[in-house]
Amino acid sequence: RKEVEQDPGPFNVPEGATVAFNCTYSNSASQSFFWYRQDCRKEPKLLMSVYSSGNEDGRFTAQLNRASQYISLLIRDSKLSDSATYLCVVNIGGYGGATNKLIFGTGTLLAVQP
Amino acid sequence: SAVISQKPSRDICQRGTSLTIQCQVDSQVTMMFWYRQQPGQSLTLIATANQGSEATYESGFVIDKFPISRPNLTFSTLTVSNMSPEDSSIYLCSVGGQGALRDNEQFFGPGTRLTVL
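Residues numbered from 1 in each chain as written. Chains lettered and ligands numbered in written order. Predicted model: local features only at pLDDT ≥ 70, side-chain atom pairs only at ≥ 80, totals over all residues. Heavy atoms only, no water.

Q: Looking at this structure, how should I read the nonpolar core?
A: With 26 residues, the main nonpolar core has Trp34(B), Ile46(B), Phe66(B), Ile68(B), Leu78(B), Tyr91(B) and Leu114(B) as its most contacted residues. Tallying contributions element by element places strand E3 (residues 19–25) of chain B first for this core, with four residues. When neighbours within four sequence positions are excluded, Phe66(B) is seen to be in contact with Arg36(B), Ile46(B), Tyr57(B), Phe61(B), Leu78(B), Thr79(B), Val80(B), Asp87(B) and Tyr91(B). Core analysis: the next-biggest nonpolar cluster, separate from the first, contains 24 residues, Ala17(A), Val50(A), Leu73(A) and Leu110(A) among them. (Core = buried A, V, L, I, M, F, W, Y, C linked by side-chain atoms within 4.5 Å. Buried < 20%, exposed > 50% of the residue type's maximum accessible area, 1.4 Å probe, protein only. Helix = DSSP H or I, 4+ residues; strand = E, 2+ residues; numbered from the N terminus. Contact = heavy atoms within 4.5 Å.)

Rendered as structure tokens:
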């Protein structure tokens, strides 16, 4: 079983749609969680850290369910510029520790259509 | 976040040769890492570059193949040795976030796109 699993997509949605990505992780000791965005031929860029209480940043909402080891990302009112690969990322190192290891999912491709 | 640069941005190399990739950060950072992203794949951690000591390698990666230097808190190099076509990949360095709340975030350099013929 992969340590971080995502639906690879592609998700083809019209502009203005709401789209949700899901991710599961296998290491129950994981402490911190992230969504990164990667555009074609570019490096991954941190989109959001995901906190236990869930968090929102504009059109983006991230949720964490530790009991189910499940992370989600919701994008409202999709824009053409949201087209990218979204990477679910888990840090198994915990906060403030010497270990700081990111495990990446394979990514979910989003294509927002005009 | 820190500004991270990598050199070269891309290269095409012959099999059997070696390439050294440089990663420069505009501020001192505690944690630096090297990742590989093979075509169509996600990122895989190669090693953690430790300042003043040997790098910590992940399973499947060894020092003889991927020697790493970290002479100070702003610079690291990754060498891909005795290259084969299977080493064709994007190599990315990253740095750990600064500050108590951002310890576990990482920020990536632009990557080095390597093609081995």
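Q: Explain the sheet that holds strand E6 (residues 55–57) of chain A here, please?
A: What links the strands of a sheet is backbone hydrogen bonding, and the strands pair in either a parallel or an antiparallel sense. Residue and element names in this part refer to chain A. Strand order across the open sheet formed by five strands is E1-E3-E8-E7-E6, with antiparallel pairing between neighbours. If you trace the sheet from one side to the other, it starts and ends with strand E1 (4–6) and E6, each paired once. When the angles between neighbouring strand axes are averaged without regard to direction, this sheet yields 20°. Pairing of E6 with strand E7 (residues 60–65) involves three bridges; the strand directions are antiparallel. (Pairing = 2+ DSSP bridges. Axes fitted to C-alpha atoms, helices over the stretch in contact; angles between N-to-C directions.)

Q: Looking at this structure, I do not really get the interface of chain A and chain B. What am I missing?
A: Reports often express the size of an interface as the amount of accessible area lost when the parts come together. At the interface, 22 residues of chain A touch 19 residues of chain B. Buried area between chain A and chain B, summed over both chains or domains, comes out near 1,700 Å², and the portion from carbon and sulfur atoms is 48%. On inspection of chain A and its partner chain B, the count reaches one salt bridge. The closest approach of N and O atoms between Lys101(A) and Glu58(B), which form a salt bridge, is 2.5 Å. (Buried area = accessible area lost by both parts, 1.4 Å probe. Salt bridge = Lys/Arg side-chain N within 4 Å of Asp/Glu carboxyl O.)

Q: Help me out: how do you make sense of the side chain of Gln37(B) in this one?
A: Considering the arrangement of structural elements, one finds Gln37(B) in strand E4 (residues 32–37). A relative accessible area of 10% places Gln37(B) in the buried class. Side chain to side chain, Gln37(B) and Gln38(A) meet in a polar contact 2.9 Å long. Once residues within four sequence positions are removed from consideration, Gln37(B) is found in contact with Gln38(A), Ser42(B), Leu43(B), Ser89(B), Ile90(B) and Leu92(B). (Polar contact = N/O pair within 3.5 Å; in protein donor to acceptor, adjacent residues only side chain to side chain.)

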